[in-house]
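# A structural walkthrough
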Amino acid sequence: MQHIIDRFISYVTIDTESDPNSPTTPSTAKQWDLANKLVEELKAMGMQDVTIDEHAYIMATLPSNVEHEVPTIGFVSHFDTTPDFTGANVKPQIVENYDGGDIILNKEQNIVLSPNYFEDLLLYKGQTLITTDGTTLLGADDKAGITEIMSAMEYLIQHPEIKHGKIRVGFTPDEEIGRGAHKFDVEKFGCDWAYTMDGSQIGELEYENFNAAGVKVTFKGKSVHPGYAKGKMINSMLLANQFISKLPKKEVPQKTKDYEGFFHVTDIAGSIEETTVSLIIRDHSMKKFTKRKEFIHKLTKKMNKKWAKQFGEDIVITEIKDQYFNMKEKVKPVFHIVEIAEKAMKELGITPIIKPIRGGTDGSQLSYMGLPCPNIFAGGHNFHGKYEYVPVESMVKATEVIVKIAELTAKKDQ
Ligand SMILES: [Zn+2]
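Counting of residues starts from 1 at the beginning of each chain's written sequence and follows it residue by residue. Confidence filtering applies because this is a predicted model: local features only for residues at pLDDT of at least 70, side-chain atom pairs given and counted only at 80 or more, and all residues used for totals across whole chains, interfaces and linings.

### A few points about the sheet that holds strand β4 (residues 93-95)
In this description, strands pair whenever DSSP reports at least two bridges between them. Runs of E in the DSSP output that reach at least two residues are strands. Runs of H or I that reach at least four are helices, and both are numbered from the N terminus. Spatially, the 3 strands line up as an open sheet ordered β4-β7-β17, and their pairing is antiparallel. A single partner strand is all that each edge strand has here, and the edge strands are β4 and β17 (389-391). Within the sheet, the average angular offset between the axes of one strand and its neighbour, ignoring direction, is 20°. Where strand β7 (residues 129-131) lies against β17, 3 bridges are found, and the strand directions are antiparallel. From the neighbouring strand, T131 faces β17, where its bridge partner is Y389. We call two residues in contact whenever the C-beta atoms placed from their backbones are within 7 Å. Orientation is described by axes fitted as lines to C-alpha atoms, over the contacting stretch for helices, and by angles from 0 to 180 degrees between their N-to-C directions. Where helix α10 (residues 392-410) meets the sheet, it contacts β7 and β17, and its direction lies at approximately 65° from that of β17.

Here you go:
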C-alpha cells in the first residue's frame, strides 16, 4: 500500500492544470513534466513500445504471455487536472485509520472535510484517506487512474504466472477541457476495446452518457433614441428574455436526475443591438435529444415569423453544434466488455454500481472513434475542488480490477 501512496503522491505534486484558452496540445507546457516522467517509468518497469507523440499522448504495450489468440485491450487515463481550481503546490495529507469524524484540512483557514456534508466519507471508516491541505485540488482525477494502471502493469510484469493477452496503456493530456480524445490515435492504439479509469466511487462502472449539443442564439435588435422609439426600437435583450421564457421550466439541471435530460442556459451577453444566449442540451435518449434540438429550431422559426414584417429579415439566428454522443450505442453491440468488468469486480468482492453518467467522458468520444470504452472507478471523491480525497484501499482495488480484467479476457472460455 505504501508503494501506491508514494506513486500517487509523486504524480499529484506535479502541476498539470490544463487551459481551455490555449490552442496548443497539450494546452499547457507543464503537462510535459508529468508526461515525460511517466514515459521513463513505463520504460523502467519493462513496458514495450513506449511512445510519446508531439502532443504528449503516451502509449505503451504489455505483450501477451499466452499462446492462444486474445483480444487486445487498453486502459486509458488523463494526466491533466481541471482549470476550475488550482493544482499548483498540492500538499497531500494522509489520514490513517479514518475514524468517521471531521478532517481538518486547514487549521488557519478553518477548512474542514466533514461527513455531515460529504456523507460518502463514512464508507471509508478505518481506511487510509489522502486529502488536500484545503488550498488546492488533489488531482485524484485522474492521477488515481494513472497510478492504478501503472501499478497493475508493474504487478503483471512481476507476476508472469498471471496469464493475459496484449495490453495497451494510453495516457492523455487535456481531458478536463474536453480535448483528451481529440488527438488520440485509435488506430495506433490498436485495441479491440478499452476502459477509462476515470470514475469516482469504488464499484462505479459506466457505459451510458449524455448526448450533448451546444447552442448559440443571436438576437438582433434596433437601437433608436428611447424618446422617439415607438414602433421602431427592437430591444434584443427582451427578445432573448422571451426566448428563454419559452424553454420548459422543469427541464433544467437543478430539477432533473438519472435519465432526465435538460436545457441549460450557460451565458447571456447583450445590448439593445445584439444579444447572444448560450445554452447546452443534454439527453441520454437520442430520440429526445433530437426533439430538443428541433424544439430550439421551431422556437427560432416562430419568433422570426412574428417579427418578419417589422424587421424584414431574421432577427433570431440559431447555431446548434453536437458535442458528443451516448457511448451506449457503441457499447451495446459488444456488451461482453461491460460484463467482463462486472465479473472482475464481483470476483474481487466489489459491488458494481452501474449508472448513467450525467456528462461525458473521453470514453464516449473514443467509442465513436472506433474504440468502445466504458468507464471504471478510480476511487476519488469531490473532484475539481479542495474537498477532493481518495481512499488508498479504493486505488488498490481498482488496480486489482485491471489485473483481473486482463486475466478474464485471456481465459479461453470468455
Ligand atoms: Zn477525469
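### Quick look at the UniProt feature "binding site: Zn(2+) 2" (unreviewed entry) in the protein chain
UniProt positions are given in the numbering used here, feature names are shortened, and annotations may be inferred rather than shown by experiment. The UniProt record marks D141, E176 and H384 with the feature "binding site: Zn(2+) 2" (unreviewed entry), using the residue numbering of this structure. Across 244 residues, the annotated set stays spatially compact, with a maximum C-alpha separation of 9.7 Å. Note that E176 resides in the loop between β8 (167-172) and α4 (186-189). In this view, E176 contacts S18, D80, T81, T82 and P83; residues no more than four positions away in its chain are not counted. For H384, the location among the structural elements is in the loop between β16 (375-377) and β17. With sequence-adjacent residues up to four places away left out, H384 is seen in contact with T82, D84, F85, L137 and D141.

### Re the sheet that holds β8
One open sheet accounts for 8 strands, arranged β1-β2-β8-β3-β9-β16-β10-β15; its pairing is mixed. Either end of the sheet is taken by a strand with one partner, and the two such strands are β1 (48-52) and β15 (353-354). Pairing analysis gives 4 bridges linking strand β3 (residues 73-78) to strand β9 (residues 193-199), with the strands arranged parallel. Each residue of the ladder has a partner; that of V76, found in β9, is T196. Strands β1, β2 (58-62) and β8 of the sheet are contacted by helix α2 (residues 31-45), whose axis makes an angle of about 170° with β1. Sheet strands in contact with helix α8 (residues 336-347) are β9, β10 (204-206) and β16, and its direction is about 175° off that of β10.

### So, the packing of α8 against α10
To describe two helices that pack against each other, one gives the angle between their axes and the distance between the axes. In contact at an axis separation of 9 Å, α8 and α10 are set at 120° when each is read in the N-to-C sense. Relative to α10, the element α8 lies oblique. The hand of the α8/α10 crossing is right-handed. Contacts from I340, A341, K343, A344, M345 and E347 of α8 reach α10 at V401, K404, I405, L408 and T409. Nonpolar residues are Ala, Val, Leu, Ile, Met, Phe, Trp, Tyr, Cys and Pro. Charged residues are Asp, Glu, Lys and Arg, and all others, Gly as well, are polar. Considered class by class, the residues forming the contact of α8 with α10 number 7 nonpolar, 1 polar and 3 charged. Should an angle fall under 35 degrees it is taken as roughly parallel, and over 145 as roughly antiparallel, whereas 65 to 115 is taken as roughly perpendicular and any remaining angle as oblique. Take the far helix as your reference; a near helix turned counterclockwise from it by less than a right angle gives a left-handed crossing, and one turned clockwise gives a right-handed crossing.

### Focus: the UniProt feature "domain: Peptidase M20 dimerisation" (unreviewed entry) in the protein chain
Feature annotation in UniProt assigns "domain: Peptidase M20 dimerisation" (unreviewed entry) to the following positions: residues 207-307. Annotated as 32% helix and 29% strand, the span residues 207-307 places its first and last C-alpha atoms 45 Å apart.

### Re the pairing of strand β5 (residues 103-106)
In this sheet, strand β6 (residues 111-113) lies alongside β5 in antiparallel orientation, the contact comprising 3 bridges. Paired with I103 across the strands is L113, a residue of β6. What sits between the antiparallel neighbours β5 and β6 is a turn of 4 residues, in which N110 has the positive phi angle 55°.

### Quick word on the packing of α2 against helix α3 (residues 140-158)
Their axes nearest at 10 Å, the elements α2 and α3 cross at an angle of 15°. It follows from the interaxial angle that α2 and α3 lie roughly parallel. The handedness of the crossing between α2 and α3 is right-handed. Within the contact between the two elements, α2 uses L38, E41 and M45 and α3 uses I146, M150, M153, E154 and I157. A class-by-class count of the residues in the contact of α2 with α3 yields 6 nonpolar, no polar and 2 charged.

### Side note on the domain arrangement of the protein chain
Looking at the protein chain, the domain boundaries give domain 1 (2-208 + 326-410) and domain 2 (211-324). For the domain bounds, the source is a domain assignment made automatically or taken from a database. Here the C-alpha centre of domain 2 lies 38 Å away from the C-alpha centre of domain 1. In this assembly, 6 residues from domain 1 lie in contact with 7 residues from domain 2. A class-by-class count of the residues in the side of domain 1 that touches domain 2 yields 1 nonpolar, 4 polar and 1 charged.

### A look at unusual backbone geometry
Note that the residue after T25, namely P26, is joined by a cis bond; omega there is -5°. By the element assignment, P26 lies in the loop between α1 (2-12) and α2. Looking along the chain, the bond that leaves D141 and enters D142 is cis, with omega of 10°. Here D142 is to be found in helix α3. The phi angle at D49 is positive, at roughly 45°, despite the residue not being glycine. Note on placement: D49 falls in strand β1.

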